[in-house]
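# Summary of the model geometry
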Amino acid sequence: MIQPDRNDRQFMARAIELARQGWGRTYPNPMVGAVVVENGVVVSEGWHSAAGHAHAEIEAFRALGRNPQPGASLYVTLEPCSTTGRTGACTEAILQSGIQRVVVGTIDPNPVHRGAGLDHLRQAGIEVVEGVLAEDCADMNLLFNHWMSQQTPFLAAKIATTLDGKFCAANGHSKWITGEAARKDVMRWRRYFPAIAASAETILADNPALNSRLPEGHWCPRRFLFDRTLKTLPHAHTLQVFNDAQAEQTTLVCSEHTDISSAQLSNFNIWQLPEKNNHIDLAAFRNRCREEAIQGVYIEPGPRWTSALLAEQSIDYLFHYIAPKYMADTEAPGIGKTRRTSSMNEAYTLAHTRNKSLADDLLVRGSILPAQ
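This section reports on the structure supplied with the text. (Residues numbered from 1 in each chain as written. Predicted model: local features only at pLDDT ≥ 70, side-chain atom pairs only at ≥ 80, totals over all residues. Heavy atoms only, no water.)

### Observations regarding helix H7 (residues 180-192)
Along an α-helix, residues three or four positions apart point the same way, because every turn accommodates 3.6 residues. Look at H7: 19 Å from first C-alpha to last across 13 residues, which is about the 18 Å you get at 1.5 Å a residue. Within the sequence span of H7, burial applies to Ala182, Asp185, Val186, Met187, Trp189, Arg190, Arg191 and Tyr192. (Helix = DSSP H or I, 4+ residues; strand = E, 2+ residues; numbered from the N terminus. Expected span 1.5 Å × (residues − 1). Buried < 20%, exposed > 50% of the residue type's maximum accessible area, 1.4 Å probe, protein only.)

Below is the structure:
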């Protein structure tokens, strides 16, 4: 395998910055960035801006407006596609451009196409370098990578706690555990996911909008309200998710045993799913999302639901915002309050972790590994 040179990381880092310009806008496609470098200088840049629009490599070539000079390199965060879709195969565009060196961050996660684009380029005599800043490139496309490799939706939970793991005060007061910077970061991740889910308890306690509110504008994803017995309905007229301009984006998820024959339910989108341990079976929910091609869901659970999700190992990823505070109150709700362990081997572990400081708060995120 050809090893990267000392400048490859620098130029790939720029391609990653470009890819992030498409944050939340490329779904169901991945975010991808590309740069053309001549004589050690970036001469052209491009990124994938939205599904159906030109891929990053094509945008970079268009921005250049001419054929690259001999010896030029193309840096791209994801393996160039080798199949003809709505925008044509990027490998063919690379061959036509005359580029003789291509540096790639990550390989296509789709098992059907994985490595095919790179093989095609190598067979044409192009020097290919792969794996440059691979972890950073892969981290941008958590949903896409999981969907392509596992063929199931990416279910991630978001929680915010004090240092001693408390979600709120003993009386339920929780505004605000974290500061403004952390709350803005939540809005950023809400923009990333095509769907958000919350429990009836959260909806009734906080009446959230479950949308993304960023300086560049508001955006409403698909919204799932987990309400096993439909206890939110008597309060529906006061809840934002049922009355705002995007009310049609809200779906009630209730038990398959709940009677929904009432005529008053005709105005609601409802999924009826099996129960497990007195709550909705997340495996059934995952399957329903897969059937509807929903690649990922950002779940915002309370303490009891979080404990259940961990115990049943039913989520793939966790976003944990931690505030530098202590409740020091055994009655304040926390994670796994009723769990009894006898060994550190029973701990749930995050893998491939990413940490981010947000003013005084901290975000720790990663894939959840099962307890031993």
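### A short note on the sheet that holds strand S1 (residues 33-38)
On the basis of which strands lie adjacent, the open sheet formed by five strands has the order S2-S1-S3-S4-S5 and mixed pairing. Looking at the sheet topology across the chains shown, the edges are occupied by strand S2 (41-47) and strand S5 (127-130). On average, each strand axis in the sheet is inclined to that of its neighbour by 20°, with strand direction left out of account. Strand direction decides the pairing type here: S1 and S2, joined by six bridges, are antiparallel. Bridge pairing in S2 links glycine 33 to tryptophan 47. (Pairing = 2+ DSSP bridges. Axes fitted to C-alpha atoms, helices over the stretch in contact; angles between N-to-C directions.)

### A few points about the sheet that holds strand S12 (residues 269-273)
Read from one edge of the open sheet, nine strands run S12-S11-S10-S7-S15-S6-S16-S18-S17, paired in mixed fashion. The strands lining the two open edges of the sheet, one partner per strand, are S12 and strand S17 (349-358). Between one strand axis and the next, the sheet turns by 25° as a mean value, whatever way the strands run. Relative to S12, strand S11 (residues 250-255) is paired through five bridges, and the arrangement is parallel. If you follow serine 255 over to S12, its bridge partner there is leucine 273. The sheet strands contacting helix H6 (residues 142-150) are strand S6 (154-162), strand S15 (296-300), strand S16 (317-323) and strand S18 (361-369), and the helix crosses S6 at an angle near 140°. (Contact = heavy atoms within 4.5 Å.)

### Some thoughts on the pairing of S5
Where strand S4 (residues 101-106) and S5 come together, four bridges link them in parallel fashion. Residue pairing for S5: valine 104 is matched across the bridge by glutamate 130. The parallel pair S4 and S5, bridged by helix H4 (residues 116-123), forms a crossover whose chirality is right-handed. (Right-handed = clockwise from strand over helix to strand, strands pointing away.)

### A short note on the packing of aromatic side chains
Taken as a whole and judged by the stated rule, the model has 18 aromatic pairs. Between tryptophan 271 and phenylalanine 285 the ring centres are 5.8 Å apart and the planes differ by 50°, which places this aromatic pair in the tilted class. Of this pair, tryptophan 271 sits in strand S12 while phenylalanine 285 is found in helix H10 (residues 282-291), placing the two residues 14 residues apart along the sequence. By the ring-pair criterion, three or more aromatic residues cluster together here, those being Trp23, Phe154, Trp189, Tyr192, Phe193, Tyr298, Tyr317 and Phe319. (Phe/Tyr/Trp six-rings, centres within 6.5 Å; stacked < 30°, edge-to-face > 60°.)

### Describing the pattern of salt bridges
Under the criterion given, the structure shown has 20 salt bridges. The closest approach of N and O atoms between lysine 356 and aspartate 185, which form a salt bridge, is 3.2 Å. Placement of lysine 356 in strand S17 and of aspartate 185 in helix H7 is noted, with a sequence separation of 171 residues between them. Exposure remark for lysine 356: the relative accessible area of 34% places this residue in the partly exposed category. Residue classification places aspartate 185 among the buried residues on the basis of a relative accessible area of 4%. (Salt bridge = Lys/Arg side-chain N within 4 Å of Asp/Glu carboxyl O.)

### Points about the nonpolar core
Residues Met12, Trp189, Tyr192, Phe193, Tyr298, Phe319 and Tyr321 are the most contacted members of the largest nonpolar core, which totals 47 residues. Sort the elements by how many residues they give to this core and helix H1 (residues 8-19) lands first, with six residues. (Core = buried A, V, L, I, M, F, W, Y, C linked by side-chain atoms within 4.5 Å.)

By themselves, these are just geometric observations and shouldn't be taken as functional.
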